[in-house]
Amino acid sequence: MTDPTSEDVWRRETPHVLAALVRRFGDFASCEDAVQEALLDASQQWPVGGIPDRPRGWLLRVASRRLIDSWRQGGSRREREHRFYEESTRSGVPDVPGSEFENQDASLEILALCCHPALTTESQVTLALRAVLGLSTKQIAAVFLIPDATAGQRIGRAKATIEEHRRRFPAPLSMADRLPAILHALYLMFTTGHSLPHGDDVSDSAISSEAVRLARLLHDELPAEGEVAGLLALLLLSNARRPARTSSGGNLVRLKDQDRGLWDHAAIAQGVKLLERALPVGPVGAYQLQAAIAAVHAEADTWEETDWPQIAELYSMLSRVSPSPTVTMNYAVALNEVDGPEIALRMLEPLLDDQRMSRSHRLHAARAPMLERLGDREKALEAYRTASRLCANIPEQRYLNAQIVRLLERA
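Residues numbered from 1 in each chain as written. Predicted model: local features only at pLDDT ≥ 70, side-chain atom pairs only at ≥ 80, totals over all residues. Heavy atoms only, no water.

(A) Representation of the packing of aromatic side chains. Counted by the stated rule, this structure contains 3 aromatic pairs. Between W46 and W58, the ring centres sit 5.3 Å apart and the planes meet at 65 degrees, which makes this aromatic pair edge-to-face. With W46 in helix α2 (residues 28-49) and W58 in helix α3 (residues 55-72), this pair connects stretches of sequence that are 12 residues apart. (Phe/Tyr/Trp six-rings, centres within 6.5 Å; stacked < 30°, edge-to-face > 60°. Helix = DSSP H or I, 4+ residues; strand = E, 2+ residues; numbered from the N terminus.)

As structure tokens, this is what we get:
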């Protein structure tokens, strides 16, 4: 869909429509295909005739007809259609989904369904990003820093696994049964919206806000889980900075230069409160540590007052609890503020040989100011140019190009 309003409705309604169909028919893969076909119909009809008064009901009816029609086209599927119909009738699910489903929030239900243990972690998250947020293959590829073809293969493998399990993915007894995968999927959803990998905007508030909403629902269901509280705190603290991340002209404003008066201080207070409750209770996990780092940033009145030694220590802990190239990069950025660029650059050097990180503009953008601080203008220029070439987000690219111009003017 190209119309932004239609796309917002589509994104909001996708998991609910899919949940209604899966409850009735149990065939996850076919139901997901039917929803995609209904969305295609909507993309063609809504811009002309307008969004229906009850878009969820419209999508449910169209997707249900598409699903049944597809089964009727093949004689080998008639028996399965009849079996699913009998089972759904016995379970009390109405013949035409719509009435009682239209007011139910099924986002967490679909998220848990996508995180079935028969799938690999990568497939769980990929399927969740597609089914819950409706992200395209290209958008999913950008999230994982992988080629589009690889993302498509992951979706294909996930559906193949569904086929192997007779296409029926039962829901877990509780959200806790699949908690790590659910948390990871929510984290990546937020990251996708908070820092768009491509396009004309720095962020997509609809995606990031939906991730925050789902994290709240999950915390309501599992209030004693420390990592759930940690994730919600992290998302609140990170999202609180969104109003100051761009200028009135849509240009990127780095954290150092942001007007902290524009931050959402109510969200910051909520995040800090959640964190203070969770940290003393049990083992400290990765999301709690990341939330603690975000809290240190949020509680500093200025960049200069930021407690960088504490942030560096928290990253040191995070690198032991949940090591990753991204954690290493952020740890190096903190050490640059504490111990200077030489140590930080030595830490970043091995990441240049990491295939995923070498394709990311963020690594080169992190190295550039360190090299500049060392007085190596030529290498700093090279790093900024590489970062700009790899960056597909227009506001970020404009910022990087401005740094190139600034350095060239100093020659």
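(B) Main features of the side chain of R130. In this fold, R130 is placed in helix α6 (residues 121-131). For R130, a relative accessible area of 16% corresponds to the buried category. The contacts of R130, once residues within four sequence positions are left out, are E32, Q36, L135, T137, I140 and I155. (Buried < 20%, exposed > 50% of the residue type's maximum accessible area, 1.4 Å probe, protein only. Contact = heavy atoms within 4.5 Å.)

(C) Fine view of α2. A rise of 1.5 Å per residue sets the reference length of α2, with its 22 residues, at 32 Å; its end C-alpha atoms lie 30 Å apart and thus fit the reference within 8%. Taken as a whole, α2 carries its principal kink of about 30 degrees at S43; the proline P47 stands between one and four residues after it. Those residues of α2 not exposed but buried are F28, A29, S30, C31, E32, A34, V35, A38, L39, D41, A42 and W46. Positive backbone phi, at 90 degrees, marks G50, one or two positions downstream of α2. (Expected span 1.5 Å × (residues − 1). Bend = angle between axes of the 7 residues up to and from the residue.)

(D) Structural context of the pattern of salt bridges. By the definition in use, this model includes 10 salt bridges. The shortest N-O distance in the salt bridge between E210 and R213 comes to 2.8 Å. Of the two residues, E210 and R213 both sit in helix α10 (residues 205-221), 3 residues apart, roughly one turn of that helix. Classification of E210 as buried rests on a relative accessible area of 17%. Note that R377 is salt-bridged to E378, the shortest N-O span being 2.7 Å. The exposure class assigned to R377 is partly exposed, which follows from its relative accessible area of 24%. Its relative accessible area of 48% is what places E378 among the partly exposed residues. When salt bridges that share partners are traced, they join E37, D41 and R66 into one network. (Salt bridge = Lys/Arg side-chain N within 4 Å of Asp/Glu carboxyl O.)

(E) Representation of helix α13 (residues 286-299) in the model. Between its terminal C-alpha atoms α13 stretches 20 Å, which fits the 20 Å expected from 14 residues at 1.5 Å a residue. Buried residues dominate α13, accounting for 12 of its 14 residues. Of the positions making up α13, those classed as buried are A286, Y287, Q288, L289, A291, A292, I293, A294, A295, V296, H297 and A298. Residues of α13 that are buried make contact with α9 (179-194), α11 (226-239), α12 (265-278) and α14 (308-321).

(F) Quick peek at the nonpolar core. Counting 107 residues, the largest nonpolar core has L111, M189 and L218 as its most contacted members. Top contributing element to this core by residue count: α13, with 10 residues. The contact partners of M189, leaving out residues within four places of it in the chain, are L111, A128, L129, V132, L133, I207, A211 and L214. Counting 21 residues, the second-largest nonpolar core is a separate cluster that includes Y384, A387, C391 and L400. (Core = buried A, V, L, I, M, F, W, Y, C linked by side-chain atoms within 4.5 Å.)

(G) Representation of the packing of α11 against α13 in the model. Running from N to C, α11 and α13 point in directions that differ by 30 degrees, and their axes come no closer than 8 Å. When the interaxial angle is binned, α11 and α13 end up roughly parallel. In terms of crossing hand, the pair formed by α11 and α13 is left-handed. Taking contact as the criterion, the partners of G226, E227, G230, L231, A233, L234 and L237 in α11 are, on α13, A286, Y287, Q288, Q290, A291, A294, A295 and A298. Taken together, the residues of the contact of α11 with α13 break down into 10 nonpolar, 4 polar and 1 charged. (Axes fitted to C-alpha atoms, helices over the stretch in contact; angles between N-to-C directions. Parallel < 35°, antiparallel > 145°, perpendicular 65-115°, else oblique. Left-handed = near helix turned anticlockwise from the far one by under 90°. Nonpolar A, V, L, I, M, F, W, Y, C, P; charged D, E, K, R; others polar.)

(H) Representation of the side chain of E13 in the model. Looking at the element boundaries, E13 is found in helix α1 (residues 4-25). Residue E13 is classed as buried on the basis of its relative accessible area of 6%. Of the polar contacts made by the side chain of E13, one reaches the side chain of R56; its length is 2.5 Å. In contact with E13, other than residues within four places in its own chain, are P55, R56 and L59. (Polar contact = N/O pair within 3.5 Å; in protein donor to acceptor, adjacent residues only side chain to side chain.)

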